[in-house]
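# Breakdown of the fold
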Amino acid sequence: MKQLEIQGLTLGYGRREILHGASLDALRGGAITALIGPNGAGKSTLLRGLAGLLPARGSVRLDGQEMIGLRLEHRARHIAYMPQSLPQGVALTVMEALLGALRASPTAEGQLSASAATERALDLLEQLGIPHLALVGLDRLSGGQRQLAGLAQALVRRPQVLLLDEPTSALDLRYQLSVMELVRKLTRQHGLVTVVVVHDLALAARYADEVVMLAGGTIRAQGTPEATLTPAMLAEVYGVSARVERCSHGHLQVLADAALPA
Ligand SMILES: Nc1ncnc2c1ncn2[C@@H]1O[C@H](COP(=O)(O)OP(=O)(O)OP(=O)(O)O)[C@@H](O)[C@H]1O
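For every chain, the first residue of the written sequence is number 1, and numbering continues from 1 along that sequence. Residues qualify for local features only when their pLDDT is at least 70, as the model is predicted, and side-chain atom pairs are given and counted only at 80 or more; totals for whole chains, interfaces and linings, by contrast, use all residues.

Where an unreviewed UniProt entry is consulted, the protein appears under the name Iron ABC transporter, with the organism given as Teichococcus deserti. UniProt positions are given in the numbering used here, feature names are shortened, and annotations may be inferred rather than shown by experiment. Its UniProt record gives the protein the following Subcellular location (unreviewed entry) comment, quoted word for word: "Cell membrane". Here is the UniProt Sequence similarities (unreviewed entry) comment for the protein, exactly as written: "Belongs to the ABC transporter superfamily."

Here you go:
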């Protein structure tokens, strides 16, 4: 079983430290971890740090192998990262972007032949429900379509660790569910260590096996949705008074009633 161990991780921008020696219980393969917390908590910073895009101190070990200090192309064999917003003005079709991601550096299975790469990319677009976008330019996609194309770029290399920064924020209700279902299916099937930044606590409660709550650059809680999404924690971390109830289908729902006085 794969696992990602994060110990004493310190991250920041220039001299500004954002994450202060964060340590987590090992993140397990086959499980989705939702990274939640208020705006500016450091969620995207943590994800960028795990992706190797920021200078870091501490330790990030995948199955015992230290990732910090590993060259980006080596780390990219194991870890895929989908940023909150994809770069604009890229004159490529969705298919060209996927093939480019496969060519950029060898995948864990080595370099794929051109036909195997095309087949894999098409298969993934089918799974995401967007085969009709294969030949459409990235700069002609809607916000939600761009997000799906970004997700395809992260998945196409079949990583062991999948880092997704708000992958459903621009998606309509149906796609929010179908994308999270697919992420869960792939996570289970391939034993991926999946970490998803998400603001929607109903989605976190429904799809996460584990929740990590971050505030002010510090880990405030880690555990099952039931253990972490409590009225007391929501008051402390988000400053809201909230109820946590089960709907008629048994899903946990967070009902925020009021912002607490600062
Ligand atoms: N490129 C950057 N340069 C300098 N500071 C940054 C940069 N990106 C983020 N920060 C700072 O790091 C802190 C954490 O930001 P981060 O984006 O990680 O938060 P977040 O929890 O993802 O927030 P949100 O929910 O609003 O997306 C903030 O104070 C932010 O101003």
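Having seen the model, we can carry on.
The sites that UniProt annotates as "domain: ABC transporter" (unreviewed entry) are residues 4-241. Numbering of helices and strands runs from the N terminus, with a helix taken as a DSSP run of H or I at least four residues long and a strand as a DSSP run of E at least two residues long. End-to-end, the C-alpha atoms of residues 4-241 are 34 Å apart, and along that stretch the chain is 38% helix and 26% strand.

Okay, the packing of helix H3 (residues 94-104) against helix H5 (residues 143-155) next. For every element, the axis is a line fit to its C-alpha atoms; helices are fit only across the contacting stretch, and the angle between N-to-C directions ranges from 0 to 180 degrees. The contact between H3 and H5 brings their axes to 9 Å, and the two run at 25 degrees. In terms of orientation, H3 and H5 fall into the roughly parallel class. With respect to the hand of their crossing, H3 and H5 are arranged in right-handed fashion. Contacts between H3 and H5 pair Val94, Ala97, Leu98 and Ala101 from the former with Ala149, Ala152 and Gln153 from the latter. Three residue categories are used. Nonpolar comprises Ala, Val, Leu, Ile, Met, Phe, Trp, Tyr, Cys and Pro, charged comprises Asp, Glu, Lys and Arg, and polar comprises the others, including Gly. Its residues placed into classes, the contact of H3 with H5 shows six nonpolar, one polar and no charged. Geometric relationships in this document are graded by angle, where less than 35 degrees denotes roughly parallel, more than 145 denotes roughly antiparallel, 65 to 115 denotes roughly perpendicular, and other angles denote oblique. A crossing counts as left-handed when the near helix is turned anticlockwise from the far one by less than a right angle, and as right-handed when that turn is clockwise. Any two residues are considered in contact once their C-beta atoms, placed from the backbone, lie within 7 Å.

For the rest of this paragraph, the subject is the site of the ligand. Neighbouring the ligand are the residues Tyr13, Arg16, Ile18, Gly37, Asn39, Gly40, Ala41, Gly42, Lys43, Ser44 and Thr45. Sorting the residues of the shell around the ligand by element identifies strand E2 (16-22) and helix H1 (43-51) as the ones contributing at least two each. Considering every element that reaches the shell around the ligand, the biggest residue donor is H1, with three residues. Its residues assigned to classes, the shell around the ligand shows three nonpolar, six polar and two charged. Nearness rests on one distance test: the residue's C-beta atom, set from the backbone, must lie within 6 Å of the molecule or strand.

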